[in-house]
Amino acid sequence: MPHQLFVSPGACSLGAHVVVRELDLPVEIVLSPPRDPASRIHSVNPLGRVPALLLDDGTVITENSAILPFLADLAPGTPLFAPAGSAERGLIQSWIGYLSAEIHAGGFRQVNRPERYAEDPASHDGVRAQSKRTLHAAVAHIDRHLAGRQWLVGERFTIADAYLGVFVRWIARLGPEFAAFEQLNRFREAYLARPAVQAALAAEG
Ligand SMILES: N[C@@H](CCC(=O)N[C@@H](CS)C(=O)NCC(=O)O)C(=O)O
């Protein structure tokens, strides 16, 4: 049995899905929305979250920050990553860490799930508003970094860009105050023009 990558439409698993298609890896894509209690993801990942990578030996790897490098390492020497010990590899992993911690967990999760951060429903609008301001500042850092650059690290698309693509799609839906990030708007167009991204989105429906 090949490795299996569990993904869900619209979720942060898109980045890993894109990497599988960019590298034409022999990894089966399994659509498994966590919202459906019958989804296989619930028996694969005890947290019931995507992405999850089930290896052919039964090992389950979770977390984007582990799955993205693991997938790239299945294609040794790929330009989507960089050699062990290189500064570029450190930078790529730095951006993956930033996206996971500051943008996803520290930003979107608080905007989308205020009930996890404040018990009183009356305070949820306040949590959401403050989280949006925090997220705006975190996103602005990426926008500034992208000035004069096509991609996050070096002159090429890497696994960090595959992951950033998830969030630039989400950012576009956050409201008018998030619409004016020029570099991110340009990045989104370049991301969506990639055949691997189009194939992943079509497969996810
Ligand atoms: N830290 C995890 C977060 C994974 C995560 O939150 N996935 C979401 C989709 S974007 C999910 O499966 N949510 C379902 C749930 O929490 O029940 C990662 O980066 O892989």
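What you see is a predicted model, and the numbers here were worked out from it, not measured in a lab.

Another aspect to go through is the overall build of the protein chain. A tally of regular secondary structure across the protein chain gives eight helices and four strands. Counting helices and strands in the order they occur from the N terminus, the protein chain gives β-α-β-α-β-β-α-α-α-α-α-α. Taking 205 residues into account, the globule formula puts the C-alpha radius of gyration at 17 Å, and the protein chain, at 17 Å, falls close to it. Principal axes of the C-alpha set define a box for the protein chain whose edges measure 50 × 45 × 30 Å.

With that settled, consider the nonpolar core. Membership of the largest hydrophobic core comes to 58 residues, with the highest contact counts inside it found for Leu71, Ile103, Ile142, Ile159, Leu164 and Leu184. Of all the secondary-structure elements, those providing two or more residues to this core are strand E1 (3-7), helix H1 (14-22), helix H3 (64-73), helix H4 (87-112), helix H5 (124-146), helix H6 (159-171), helix H7 (182-192) and helix H8 (195-204). Of all the elements, H6 adds the most residues to this core, at 10 residues. Built from parts of two domains, this core gets at least three residues from each of domain 1 (3-80 + 197-204) and domain 2 (87-194). Look past the residues within four positions of leucine 164 in its chain and what remains in contact with it is Leu99, Ile142, Leu146, Leu152, Leu184 and Phe187. Counting eight residues, the second largest nonpolar core, distinct from the first, contains Phe6, Ala11, Val30 and Ile41.

It is worth spelling out the packing of aromatic side chains at this point. All chains considered together, the criterion is met by 10 aromatic pairs. Ring geometry for phenylalanine 108 versus phenylalanine 167: centroids 6.1 Å apart, planes at 25°, classification stacked. Of this pair, phenylalanine 108 sits in helix H4 while phenylalanine 167 sits in helix H6; the two residues are 59 residues apart in sequence, bridging distant segments of the chain. Of the two residues, phenylalanine 108 and phenylalanine 167, neither departs from the other in class, the shared state being buried.

Quick look at the UniProt feature "domain: GST C-terminal" (unreviewed entry) in the protein chain now. Look at the UniProt record and you will see "domain: GST C-terminal" (unreviewed entry) annotated at residues 85-205. From the first C-alpha to the last, residues 85-205 spans 38 Å; its make-up is 69% helix and 0% strand.

Below, the discussion takes up the site of the ligand. In the region of the ligand, 13 residues are neighbours, and Cys12, Val50, Glu63, Asn64 and Arg109 sit closest. Between the ligand and valine 50 there is a distance of 2.8 Å, counted from a nitrogen atom to a backbone nitrogen or oxygen. At 2.9 Å from an oxygen atom of the ligand is found a main-chain nitrogen or oxygen belonging to asparagine 64. Relative to its free-state accessible area of 510 Å², the ligand is covered by the protein chains to the extent of 81%. Considered class by class, the residues forming the shell around the ligand number seven nonpolar, two polar and four charged.

Cut-offs used in this document
Residues take numbers from 1 onward in each chain, read along the sequence in its written order. Local features in this predicted model are restricted to residues whose pLDDT is 70 or higher, and side-chain atom pairs enter the listing and the counts only when it is 80 or higher, whereas totals over whole chains, interfaces and linings include all residues. Excluding hydrogens and water, the side-chain figures rest on all heavy atoms present in the structure. For the purposes of this entry, the term helix denotes a DSSP run of H or I that reaches at least four residues, the term strand denotes a run of E that reaches at least two, and both are numbered from the N terminus. For the radius of gyration, the atom set is restricted to C-alpha positions; the globular benchmark scales as 2.2 Å times the number of residues to the power 0.38. Nonpolar cores are built from buried Ala, Val, Leu, Ile, Met, Phe, Trp, Tyr and Cys residues. Side-chain atoms within 4.5 Å join them into one set. Here the term buried applies to any residue with accessible area under 20% of the maximum for its type, exposed to any over 50%, and partly exposed to those in between, with areas from a 1.4 Å probe on protein chains only. What fixes the domain bounds is an automatic or database domain assignment. We call two residues contacting when some pair of their heavy atoms lies within 4.5 Å. The rule is short: rings of Phe, Tyr and Trp, with Trp giving its six-membered ring, pair when the centres are within 6.5 Å, and they are stacked under 30 degrees, edge-to-face over 60, tilted in between. UniProt positions are given in the numbering used here, feature names are shortened, and annotations may be inferred rather than shown by experiment. The near set for a molecule or strand comprises every residue that places at least one heavy atom within 4 Å of it. Polar contacts, as counted here, are pairs of nitrogen or oxygen atoms within 3.5 Å of one another; within protein the pair requires one atom able to donate a hydrogen and one able to accept it, and residues that are adjacent in sequence qualify only if both atoms are side-chain atoms. Calculation of accessible area relied on Shrake-Rupley with a 1.4 Å probe; when residues are assessed, cover is drawn exclusively from the protein chains displayed. Residues were grouped as follows: Ala, Val, Leu, Ile, Met, Phe, Trp, Tyr, Cys and Pro as nonpolar; Asp, Glu, Lys and Arg as charged; and all remaining residues, including Gly, as polar.

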